[in-house]
Amino acid sequence: MYLLKFDWNPITGIDIIGNFKLHFYSLMWVTAFVLGWFIMKRIFTKEKVSLEYLDPLFIYTVLATMIGARLGHVLFYQSELISEDFFSIFLPFRFKGGIEFTGFQGLASHGAAIGIIVGMYLYRKKYNYKSLLWILDRVVISVASGAVFIRIGNFINSEIIGKVTDSAFGVRFIQDQYYKSQIVQLTGIKDVQEAYNAVTSNPQFQNLLDVVPYRHPAQLYESFCYVFVFLILWYFYSKTTKKDQTGFLFGLFLILLWTIRFFVEFVKEPQGDEYINWFGLNTGQWLSIPFILIGLYFMFVYKPKQPVL
């Protein structure tokens, strides 16, 4: 039983110069985008699409994902940043209370999804070689693979944590429980990482460890499920004729990913202010429902009005 419970207190990045830190979370995003590029290259090669369209697609996808995810988080969960720390919305720094490099934190998957759709629309307007849905049907395969690594990055960062659990599988997120300034004050150890380490390894601070609850590793639940989303999409793309049914893969992606998100929300802590909380469902769940309905439409209802180019 206890083998399935553990304390999570990792090094979240590498200190480079001064306050600049190379976050492993950022590396997970880089991994997601690079893997996505290779997947799309294989798809383009297989379908004999010129690779000259690949790099612009990559640029549009990166920008659309990051901008959409950031704006989505601010609008859906942390709108107070607009008045309290406006420039932190667009820059990887926190300006309130002094300048601190934070990396791009606070990214919402719902915003990323909307951003990608808008980005692909703008991309298709400039590079008119296939239909918008042809592009979306294939881009979502890369997106699904990338989502696996993004949630691993969230786990490394001890963010998007789960609710407290007494089940056999749980994680104590030390760095979520105690803020940096708080852990320094409680332990009397000036180095933040050493202070966190002391909580888990020094019996002197056992009292601090004991009050940290075991939680669902919601990030790992999602990451694990997204592996299967990617495999299912790749199967339908490479082993069936469904790739030729316009909108099918896009719709399947929306249904699978947002259904997973809907159910994982039951074991997740709120990510910010819950602006929507109706009938026992939180903001993330209500935002997921429209995506699922759109997915059902493209899988079972949508018929292209003209032949795909």
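Residues numbered from 1 in each chain as written. Predicted model: local features only at pLDDT ≥ 70, side-chain atom pairs only at ≥ 80, totals over all residues. Heavy atoms only, no water.

1. Details of the environment of Asp-191
Consideration 1: Relative to the helices and strands, Asp-191 resides in the loop between helix H7 (180–187) and helix H8 (192–201).
Consideration 2: According to the relative accessible area criterion, Asp-191 is partly exposed, its value standing at 37%.
Consideration 3: On a C-alpha basis, the gap between Asp-191 and Lys-180 in space is 9.4 Å, while along the polypeptide they are 11 residues apart.
Consideration 4: Side-chain polar atoms of Asp-191 contact the backbone nitrogen of Glu-194, separated by 2.9 Å. (Helix = DSSP H or I, 4+ residues; strand = E, 2+ residues; numbered from the N terminus. Buried < 20%, exposed > 50% of the residue type's maximum accessible area, 1.4 Å probe, protein only. Polar contact = N/O pair within 3.5 Å; in protein donor to acceptor, adjacent residues only side chain to side chain.)

2. Let's talk about the pattern of salt bridges
Consideration 1: This structure, assessed with the given rule, holds seven salt bridges.
Consideration 2: For Asp-7, the salt bridge identified is with Arg-172, shortest N-O distance 2.6 Å. With Asp-7 in strand E1 (residues 5–8) and Arg-172 in strand E6 (residues 170–173), this pair connects stretches of sequence that are 165 residues apart.
Consideration 3: Note on Arg-172: relative accessible area 11%, which makes it buried.
Consideration 4: One continuous salt-bridge network, built from bridges that share partners, spans Arg-151, Glu-222, Arg-261, Glu-265 and Lys-268. (Salt bridge = Lys/Arg side-chain N within 4 Å of Asp/Glu carboxyl O.)

3. Focus: the packing of helix H2 (residues 54–76) against helix H4 (residues 109–126)
Consideration 1: Closest axis-to-axis distance for the H2/H4 pair is 7 Å, and the angle between their directions is 145 degrees. The way H2 lies across H4 gives a crossing that is right-handed. Contact with H2, carried on its side by Pro-56, Leu-57, Tyr-60, Thr-61, Ala-64, Thr-65, Gly-68, Ala-69, Gly-72 and Phe-76, involves His-110, Gly-111, Ala-112, Ile-114, Gly-115, Ile-116, Gly-119, Met-120, Leu-122, Tyr-123 and Lys-126 of H4 and no other residues of that element. (Axes fitted to C-alpha atoms, helices over the stretch in contact; angles between N-to-C directions. Left-handed = near helix turned anticlockwise from the far one by under 90°. Contact = heavy atoms within 4.5 Å.)

4. Concerning the UniProt feature "binding site: a 1,2-diacyl-sn-glycero-3-phospho-(1'-sn-glycerol)" (unreviewed entry) in the protein chain
Consideration 1: Following the UniProt record, one finds the feature "binding site: a 1,2-diacyl-sn-glycero-3-phospho-(1'-sn-glycerol)" (unreviewed entry) at Arg-151.
Consideration 2: One can find Arg-151 in helix H5 (residues 132–156). (UniProt positions renumbered as here; feature names shortened; annotations may be inferred.)

5. Focus on the side chain of Thr-61
Consideration 1: Looking at the secondary structure, you find Thr-61 in helix H2.
Consideration 2: Separated by 2.7 Å, the side chain of Thr-61 and the backbone oxygen of Leu-57 make a polar contact.
Consideration 3: Among residues more than four places away in sequence, those in contact with Thr-61 are Phe-33 and Met-120.

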